[in-house]
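Descriptive analysis of the structure
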Amino acid sequence: MGQAAIDPDAFNAFEAGGWEDKASGYDHFFGGITGRFVEPLLGAASVGPGTHLLDLASGPGYVAARGAERGASVIGVDVAGAMISLALRLHPGLDFRQADVHKLPFEDGSFDAVVGNFMILHLGRPEQAIAEFVRVLRPGGRLALTAWDLPDRARFLGVFLDAVAEAGATPPEDLPTGPDFFRFAVDDEFDAVLRDHGLENRTVRTIAFTHRVATAEDLWNGLLGGTVRTSALILRQPKEMQLLIRESFDRLVDAYRRDDALELPVSAKLASGGKPCA
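Residues numbered from 1 in each chain as written. Predicted model: local features only at pLDDT ≥ 70, side-chain atom pairs only at ≥ 80, totals over all residues. Heavy atoms only, no water.

Okay, the side chain of S231 next. When you line up the elements, S231 lands in helix 9 (residues 229-235). Separated by 2.7 Å, the side chain of S231 and the backbone oxygen of T227 make a polar contact. Once residues lying within four places of it in the same chain are set aside, the contact partners of S231 are K22, L223, L224 and R236. (Helix = DSSP H or I, 4+ residues; strand = E, 2+ residues; numbered from the N terminus. Polar contact = N/O pair within 3.5 Å; in protein donor to acceptor, adjacent residues only side chain to side chain. Contact = heavy atoms within 4.5 Å.)

Here you go:
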């Protein structure tokens, strides 16, 4: 049986609504993981003093805040009002606005650098969004994006997906089908989507490290409290199936136990390219 057809509008609405409830959970758990990609992301976009920077899907504002510390003039946008409220509270004085990245409210060529940290895999129409990113980028400016690696390398996510598969769970019928979550884990695919939108001087590289989590319970609660698609895949199952998934998860994650904690591989792709000057 093939995968259900993708309804981009339904998927985008699902993601947007989901993040309204996950802002604090994301900040609590994922800040220590995604925050480690901020410096490489800004470096790939050549962000420095005087740079006009657009931070896409800014979330709690990690990238925007670090960009401002580098001397950039920053605007952060996010589709979720709860994320904007959190970012404003954490980083008073910075400019955060609610906006859909598929249709940005900025003029052509407004920014020297456009970045998105783990944003592209949450979009129902990634090609349309990337066309917008390139549109608002000035000639000579750079776009930089991150996306998670394949689940056999990004194990802090992979153990959840493996547990779901091992338990025999299928996606709930009310869960909108989205694009392939790991599409941009393939270097050639990530490079191609930037190339197809006219970007030059492109690079795709892997960033990997090990993340330490105190207990399996912390990892379980962190992922369910700070994700939209993955948490819905589990929490919308019948209670009996949720228990089976948890049993598989506990067994799988035990392979990453080191002394009194868990150490899980984290891996992601960082892709960047420049808009031609001509």
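Next up on the list: the nonpolar core. Grouped together as the largest cluster of nonpolar side chains are 97 residues, with contacts concentrated most on L54, F133, W148, F156 and L219. With eight residues, helix 1 (residues 8-34) is the single largest residue contributor to this core. F133 has contacts with L56, V101, L104, V114, M119, I120, L123, L143 and L145, leaving out every residue within four places of it along the chain. (Core = buried A, V, L, I, M, F, W, Y, C linked by side-chain atoms within 4.5 Å. Buried < 20%, exposed > 50% of the residue type's maximum accessible area, 1.4 Å probe, protein only.)

Turning our eyes to something else, we now look at helix 8 (residues 216-226). Within the sequence span of helix 8, burial applies to A216, L219, W220, G222, L223, L224 and G226. Lining the buried residues of helix 8 we find helix 1, helix 6 (155-167), strand 6 (200-213), helix 9, helix 10 (239-253) and strand 8 (261-274).

Under the criterion given, the structure shown has 17 aromatic pairs. Taking 6.3 Å as the distance between ring centres and 45° as the angle between the ring planes, the aromatic pair formed by F11 and F14 counts as tilted. Taken as a pair, F11 and F14 lie in helix 1 at a separation of three residues, close to a single helical turn. In this pair, the class of F11 matches that of F14, namely buried. Taking 3.8 Å as the distance between ring centres and 20° as the angle between the ring planes, the aromatic pair formed by F118 and W148 counts as stacked. Residue F118 is found in the loop between strand 4 (111-116) and helix 5 (126-135), and its partner W148 is found in strand 5 (residues 137-148); the two are separated by 30 residues along the sequence. Take F118: its relative accessible area is 5%, and that puts it in the buried class. Taken together through their ring pairs, the aromatic side chains of W19, Y26, F29, F30, F37, Y62, F118, W148, F156 and F209 make up a single cluster. The ring of F209 carries the charged tip of R36 above its face, separated from the ring centre by 3.7 Å. (Phe/Tyr/Trp six-rings, centres within 6.5 Å; stacked < 30°, edge-to-face > 60°. Lys NZ or Arg CZ within 6 Å of the ring centre and 35° of its normal.)

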